[in-house]
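Chain residues, written in single-letter form:
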Amino acid sequence: MKEKKDQVEKLFSQFENQWDTEVPRLGHSERFLKKLNAEPVQNKKKSWLPLSLAASLLLLVGVISFYQLKNEEPTNQWQNASTQTKETHDYFASVVEKELTDLKSKQTPETKEIIEDALIQMKIFEQDYQKIILELQKNGDTKQVLNAMIVNFQTRISFIEDIIKKIEIITHQNTIQNEKSI
């Protein structure tokens with residue numbers, strides 16, 4: 001405890017003769033109080049209240065609109081589809097999304113190019129899937145369309161899993177090289 005006190009005293013002794021010790025001009029307190037009382041702080045808060053409420057309301061409306069647009073799915077896309085087809089789509093789409101999230105989480109400088117190439121291939125798979133959806137809209141819900149949907153999703157999932165395995169091999173090899181260099 002005494003050491004801390006000595007350190008504080010040492011610090012203050014370094015700044016000796018550097019302190020502002022001038023006495024304010026005569027009437028300083030009165031001028032200060034006059035300025036302080038001239039515009040109450042409460043009035044300033046009241047003037048910001050409507051603006052802050054409007055901004056909050058605008059932000060809330062924007063967020064709600066964004067999520068409604070994001071979650072909206074074209075209804076005509078599934079008008080000729082059975083409940084089973086919609087459920088199949090939802091299930092496989094969620095699996096693909098999870099696999100994509102796993103893939104993106106493995107991105108490092110060494111794996112960046114592989115992941116970018118994989119994402120380009122995934123866009124091609126998605127374009128093929130959109131052709132299947134057009135077929136669904138045109139010809140209705142058939143076994144061939146359902147089979148094509150499933151094959152497309154299974155291909156995407158297998159592709160992503162293969163890429164993840166390759167990334168793990170690269171990461172493992174880099175770890176071994178780093179350990180050897182140490």
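Per chain, the residues get numbers from 1 upward, laid out in the order the sequence is written. Local features in a predicted model are, by the rule used here, given only for residues with pLDDT of at least 70; side-chain atom pairs are given and counted only at 80 or more, and totals for whole chains, interfaces and linings are based on all residues. To get the side-chain values, take all heavy atoms of the structure and skip hydrogens and water.

Trainee: Could you clarify how one ought to interpret the side chain of His89 in this entry?
Mentor: Position of His89 relative to the elements: it lies in helix α4 (residues 83–105). Since its relative accessible area comes to 13%, His89 is described here as buried. Polar contact criterion, stated in full: a pair of N or O atoms within 3.5 Å, where within protein one must be able to donate a hydrogen and the other to accept it, and residues adjacent in sequence count only if both atoms are side-chain atoms. Looking at His89, its side chain comes within polar contact range of the side chain of Tyr129, at 2.7 Å. A helix here means a DSSP run of H or I that spans at least four residues, while a strand means a run of E at least two residues long, and both kinds are numbered starting from the N terminus. Buried residues are those whose accessible area, probed at 1.4 Å on protein chains only, stays under 20% of the maximum for their type, while exposed residues exceed 50% and partly exposed ones sit between those limits.

Trainee: Looking at this model, I keep getting lost on the packing of aromatic side chains. Mind explaining?
Mentor: What counts as a ring pair is set by centres within 6.5 Å for rings of Phe, Tyr and Trp (its six-membered ring), and what kind of pair is set by the plane angle: stacked under 30 degrees, edge-to-face over 60, tilted for all other angles. A full pass over the atoms with the stated rule returns four aromatic pairs. Measuring from centroid to centroid gives 5.7 Å for Phe125 and Phe159, while their planes differ by 75°, and the two rings are edge-to-face. Of this pair, Phe125 sits in helix α5 (residues 112–139) while Phe159 sits in helix α6 (residues 143–181), and the two are 34 residues apart along the sequence. Using a relative accessible area of 12% as the deciding quantity, one classes Phe125 as buried. Among the aromatic residues, those joined into a cluster by ring pairs are Tyr91, Phe92, Tyr129 and Phe153. The ring of Tyr129 is capped by Arg156, whose NZ or CZ atom sits 5.2 Å from the centre of that ring. Any Lys NZ or Arg CZ found within 6 Å of a ring centre and within 35 degrees of that ring's normal is scored as a charge over the ring.

Trainee: Looking at this structure, how should I read the pattern of salt bridges?
Mentor: Pairing of side chains with opposite charge becomes possible as their charged atoms draw close. Between Lys or Arg on one side and Asp or Glu on the other, a salt bridge is scored when a side-chain nitrogen of the former is within 4 Å of a carboxyl oxygen of the latter. Tallied over the full model, the rule gives four salt bridges. A salt bridge links Glu168 to Lys106, with the nearest nitrogen and oxygen atoms 3.9 Å apart. Separated by 62 residues along the polypeptide, Glu168 in helix α6 and Lys106 in the loop between α4 and α5 bring together distant segments of the chain. Overall, Glu168 belongs to the partly exposed group, its relative accessible area being 43%. Relative accessible area serves as the criterion here: at 28%, Lys106 is assigned to the partly exposed category. With its nearest N and O atoms 4.0 Å apart, the salt bridge here joins Glu116 to Lys112. One end of the pair is Glu116 and the other is Lys112, both in helix α5 and four residues apart, which spans about a single turn.

Trainee: Got a minute to help me understand a nonpolar patch on the surface in this structure?
Mentor: Residues Leu57, Leu60, Val61 and Ile64 make up a contiguous nonpolar surface patch of roughly 370 Å² in combined accessible area. Looking at where Ile64 falls in the secondary structure, it is placed in helix α3 (residues 41–71). Residue Ile64 is classed as partly exposed on the basis of its relative accessible area, which comes to 43%. Grouping into patches uses exposed residues only, defined as over 30% relative accessible area, and leaves out salt-bridged ones; the cut-off is 9 Å for like charges and 5 Å for nonpolar side chains (Val, Leu, Ile, Met, Phe, Trp, Tyr). Surface exposure here means Shrake-Rupley accessible area, sampled with a 1.4 Å probe, where a residue is shielded only by the protein chains that are shown.

Trainee: What should I look at first to understand the side chain of Thr88 in this one?
Mentor: One can find Thr88 in helix α4. Given the relative accessible area of 14%, Thr88 is considered buried. For Thr88, the side chain forms a polar contact with the main-chain oxygen of Gln84, separated by 2.8 Å. The contact criterion used is simple: two residues touch if any of their non-hydrogen atoms lie within 4.5 Å. Filtering out sequence-adjacent residues up to four positions away, Thr88 remains in contact with Leu146 and Ile150.

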